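# Secondary and tertiary structure notes
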Amino acid sequence: MMITKQEILKTFQKESEKHWKVKIFEDEGFVRKNCNSCKKGFWTLDLGRKHCPDPACGEEYNFIENPITKKSWDYMETWKLFEKFFVRNNHSSISRYPVVSRWRNDLFFNIASIVDFQRFDNGVMSFDYPANPLIVPQMCLRFSDIQNVGITGRHHTCFMMPGQHAFNPPKEGYWKDECIQLNFDFLTKEMGIPREDLIYVEDLWTMPDFSALGPYIETFSRGLELVNSGFMQFGISNNSIKELPMKSIDVGWGLDRLVWFSNGTPTGYEAVFGSVLDKVKKICEIDYDREFFFKYAKIAGSLNIEETPDLKIAREKVARQLNVDVDKLERNIAPLEAVYSICDHSRALAFAISDAALPSNVGGGYNLRVILRRALSFIKKFDWSLKLEDVAIWHADYLKKLFPELKKHEDDIVKILQVEEKRYNQMRERSRKIIDDHAGRKIPEEELMKLYESEGITPEQLSTETPPNFYQKITEKHMGHKAAEEKFPFDVGNLPATNILYYEKPPVFEFKAKVLKAFDGFVVLDQTAFYPTQGGQMHDTGYIDDARVMDVIKIGNVIIHKIEGNAKEKQNIIGKIDKTRRDKLRRHHDSIHIINGVVHKMIGPWCHQYGTEKDVDKARIDITHYEALTDEQVEEIEKMANEIIQKNLPITKTLMDRSEAENKYGFEIYTGGYVPSKQIRVVSIGNFDTEACAGTHSDSTGDIGHIAVVKTKRIADGLVRIEIKAGDVALEYLKDKERVLQEVAKKLNVNEEDVPKAVERLFETWKKKRKQLKK
């Protein structure tokens, strides 16, 4: 039977005091009530309150023009106030993690501070945390709220979540009572919010698969949610709720909201974007009715498209409350909503590009392109003389004290945004006729989706109403990616882990083993030197006794061999590896690491491995890059790669604890993909390149011999494929090329160095003959 979040919440609500009541509620006199509208439980000092403080249930933003904190703070000041308080209360303050979550195989982007510490070991979630308890100024990217950005006053695609985390109570960290006490003290003592203005709402936090869940306490003041505190305590197994072996606290503060709350500006964007927004407004000559806008801003929270999917209906409701017609409402606020969105989207792009992500049509890059083109479409719609890269750089200037890395990557940000704007303008030219053909008519959502997916045309460009959740539907399928689970004809779950011999030194090419399981041509041994297909490297072949090994597969920690013939369980065997094949695969794998490192250093930090394959006759790597490589770049890549070979750099393979490797080398070690294990094998080529890798490798680069770049091509928007040959395979390829050149020179009766000119003369002659034939 399918279990839903609402069903679990109802179960918890039967014992509400057990799950949500904390000591401070009793000490301060908070009472529990149920909302007349949404039915959620909430804790308040106001005995007469009938509904919870969520704007969806009728609450207004009553702090606008009326801040109740002891003073106002800007973005950096608010973080420093937060950091000082929690460090004073025994929390370690650590640096942010990247917004690109390379340590997670199921997510492209970091969507919450807790993601920093979540790791998955063969499907089981665990935590790697550098301190306990801790705080982190984590920048996050989320793309499910794109249509809310600029409208509600509080939604962002890019925002700072100052994470407050404690793990493994009662042995370490702390639990609910201390957590809510700390939060209460920060809000009341540090920020000066009166205790009677705090309301705590009950909710439930869950992982999508309910493998972890627990009570969730949302803290509101005057209509704005300031912080949510999640307590990971339970999980569902076999349709029953059970305690987790390790509890943890996931508190997500909204720094952007704290800044807004203390300033009482009409929207959070004025407070959060500071001087950046001022510059944008000035360039765009934004003029608006200030008194009208402040009235509108107080009730803008009810426009949440998640809760009121039809924006038109929500607009009509707000217009009635303000006693104006919808057209006047939209005329007054549309330009403001546009500049707010531009500021938000440019900040998201600045962080993403700084952390080596690239707008494209593949993977998470798709989401970046969605917001980039939405921002550009606003600029075109209102005919503003505004450059998106300028706005991004203003963000880098404004945030440099807290995030200096943005300034460091200014050139990358400008270059990539300029390339994207050029493509956008080219797309607009190509699409002009389509836009004209659709002008002035209502366009069904399905057609709009198709126009966006195939032509990149946004609803804003068509000046049509954006359907409910349009951008959420476009982007949610690109929010994460999962590796497909491997299916197999028999269960290996009860078999012990295979003892691996293919990493032994000196290399093992012949070994003895015992058959643990045999089934229809598949064999599992107690130990093996046969390398399985993984990480893009093709498998070894050879023999198990007299049976040829055709394929080698790894399922979890068990290695399975597909043979021509059969074997008997408990039989002792001798395995023999095809050494020539292994050597070719090994050299190709070494070479891909070198090419990856060269491209990353030569072209730009946004160039990352997207896919790879290492076979006996060739190897390829697909890199993230916004344009095809030039002939000059290809020559330089090949030259630099062979220089690395000539230096004969050592190739070291070290087994390390995952957290130790991440701390030492950073998350760049996952450029070839995340390794779901507590211990990872780190392969370093001198000081040139370091990656987490399970492949077979040489002891030095000199062993490779030579690398030849065979061809490159742009296989998709944002993806370039580089195909290479290495070692003896490369030398044979070059000899073949030489033989062809000699044969052509002979047929043309010229020296080899004169072949290009001779071919050119031949081509010109052919063109003349073709013209004569046509006549």
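Okay, the pattern of salt bridges next. The tally for this structure, following the rule as stated, stands at 41 salt bridges. As a salt-bridge pair, Glu662 and Arg119 come within 2.8 Å of each other at their nearest N and O atoms. Of this pair, Glu662 sits in helix H19 (residues 658–665) while Arg119 sits in strand E4 (residues 118–121); the two residues are 543 residues apart in sequence, bridging distant segments of the chain. Residue classification places Glu662 among the buried residues on the basis of a relative accessible area of 8%.

With 94% of its residues at a pLDDT of 70 or more, the protein chain has an overall mean of 89. Considering each helix and strand of the protein chain separately, the mean pLDDT is smallest for helix H16 (residues 470–476), with a value of 69, and largest for strand E15 (residues 527–528), with 98. Note that pLDDT drops below 50 for residues 480–486; the model gives that stretch 13 contacts with residues more than four away or on any other chain.

Let's shift gears to the sheet that holds strand E22 (residues 651–657). The strand order E22-E23-E24 describes an open sheet built from three strands, whose pairing is antiparallel. The sheet is open, and its two borders are formed by E22 and strand E24 (689–692), each paired with just one other strand. Strand after strand, the sheet turns through a mean of 25° between neighbouring axes, direction not considered. Sheet strands in contact with H19 are E22, strand E23 (679–685) and E24, and its direction is about 125° off that of E22.

Counting residues in each nonpolar core, the largest one holds 171 residues, and the members touching the most others are Tyr75 and Ile594. Counting residues per element, this core draws most heavily on helix H10 (residues 326–354), which supplies 14 residues. Not counting the four nearest positions on each side in its chain, Tyr75 is found in contact with Met139, Met160, Leu255, Asp256, Val259, Val272, Arg347, Tyr398 and Leu399. Of all hydrophobic cores here, the second largest spans 31 residues; its members include Leu107, Ala112, Cys140 and Ala661.

Mapped onto the fold, Asp355 is located in the loop between H10 and helix H11 (365–381). Residue Asp355 is classed as buried on the basis of its relative accessible area of 13%. Setting aside chain neighbours within four positions, we find Asp355 in contact with Arg96, Pro98, Val99, Val100 and Arg102.

So, about the sheet that holds strand E19 (residues 572–577). Taken in spatial order, the six strands line up as E13-E14-E18-E17-E16-E19 and close into a barrel, and their pairing is antiparallel. Between one strand and the next, the sheet's axes are offset by a mean angle of 45°, whatever the strand orientation.

Helix H12 (residues 388–398) packs onto helix H7 (residues 268–284) with a crossing angle of 145° between their chain directions and a minimal axis gap of 10 Å. Where H7 crosses over H12, the handedness of that crossing is right-handed. On H12, the residues touching Ala271, Val272, Phe273, Gly274, Ser275, Val276, Lys279, Val280 and Ile283 of H7 are Val391, Trp394, His395 and Tyr398. The class makeup of the residues in the contact of H7 with H12 is nine nonpolar, three polar and one charged.

Turning next to empty space enclosed by the protein. On inspection of all chains with the given rule, the structure shows two cavities of 30 Å³ or more. Approximately 30 Å³ is the volume attributed to the second largest cavity. If you go around the second largest cavity, the residues you meet are Gly150, Ile151, Thr152, Gly153, Thr267, Phe293, Tyr296, Glu337 and Tyr340. Where the lining of the second largest cavity is concerned, the elements lending two or more residues are helix H8 (290–298) and H10. Looking at the lining of the second largest cavity residue by residue, the class counts come to four nonpolar, four polar and one charged.

To continue, consider unusual backbone geometry. Trans peptide bonds make up the majority, and among non-glycine residues the majority have a negative phi. In this chain, Asn132 is followed by Pro133 through a cis amide linkage whose omega measures -5°. Mapped onto the secondary structure, Pro133 falls in the loop between strand E5 (124–127) and strand E6 (134–141). Residues Pro169 and Pro170 are joined by a peptide bond in cis, for which omega reads 0°. Phi at Arg222 takes a positive value of approximately 50°, unusual for a residue other than glycine. Of note, Arg222 is situated in the loop between strand E9 (213–221) and strand E10 (224–237). Judged by relative accessible area, which is 23%, Arg222 ranks as partly exposed.

Where H10 contacts helix H14 (residues 410–438), the axes come no closer than 9 Å and their chain directions differ by 115°. Considering how the two elements wind past one another, H10 and H14 form a crossing that is right-handed. The segment H10 lies against H14, with Leu349, Ala350 and Ile353 engaging Asp412, Ile413, Ile416 and Leu417. Across the contact of H10 with H14, the residue classes tally to six nonpolar, no polar and one charged.

Moving on: a negative patch on the surface. Side chains of Asp631, Glu632, Glu635, Glu636 and Glu643 sit close together on the surface and give a patch of like negative charge. With respect to the helices and strands, the residue Glu643 is situated in helix H18 (residues 631–646). Relative accessible area serves as the criterion here: at 33%, Glu643 is assigned to the partly exposed category.

Quick notes on the rules
- Residues numbered from 1 in each chain as written.
- Predicted model: local features only at pLDDT ≥ 70, side-chain atom pairs only at ≥ 80, totals over all residues.
- Heavy atoms only, no water.
- Salt bridge = Lys/Arg side-chain N within 4 Å of Asp/Glu carboxyl O.
- Helix = DSSP H or I, 4+ residues; strand = E, 2+ residues; numbered from the N terminus.
- Buried < 20%, exposed > 50% of the residue type's maximum accessible area, 1.4 Å probe, protein only.
- pLDDT = per-residue confidence, 0-100.
- Contact = heavy atoms within 4.5 Å.
- Pairing = 2+ DSSP bridges.
- Axes fitted to C-alpha atoms, helices over the stretch in contact; angles between N-to-C directions.
- Core = buried A, V, L, I, M, F, W, Y, C linked by side-chain atoms within 4.5 Å.
- Left-handed = near helix turned anticlockwise from the far one by under 90°.
- Nonpolar A, V, L, I, M, F, W, Y, C, P; charged D, E, K, R; others polar.
- 1 Å grid on protein atoms, 1.4 Å probe; cavity = no way out; pocket = protein on both sides within 12 Å on 5 of 7 lines; lining within 4 Å.
- Points joined across faces, edges and corners; volume = space filled by probe spheres on them.
- Patch = residues over 30% accessible without salt bridge, like charges linked within 9 Å, V, L, I, M, F, W, Y side chains within 5 Å.
- Areas by Shrake-Rupley, 256 points an atom, 1.4 Å probe, with all protein chains shown as cover.
- Lys, Arg positive; Asp, Glu negative; His and termini not counted.
- Charge placed at Lys NZ, Arg CZ, Asp CG, Glu CD.

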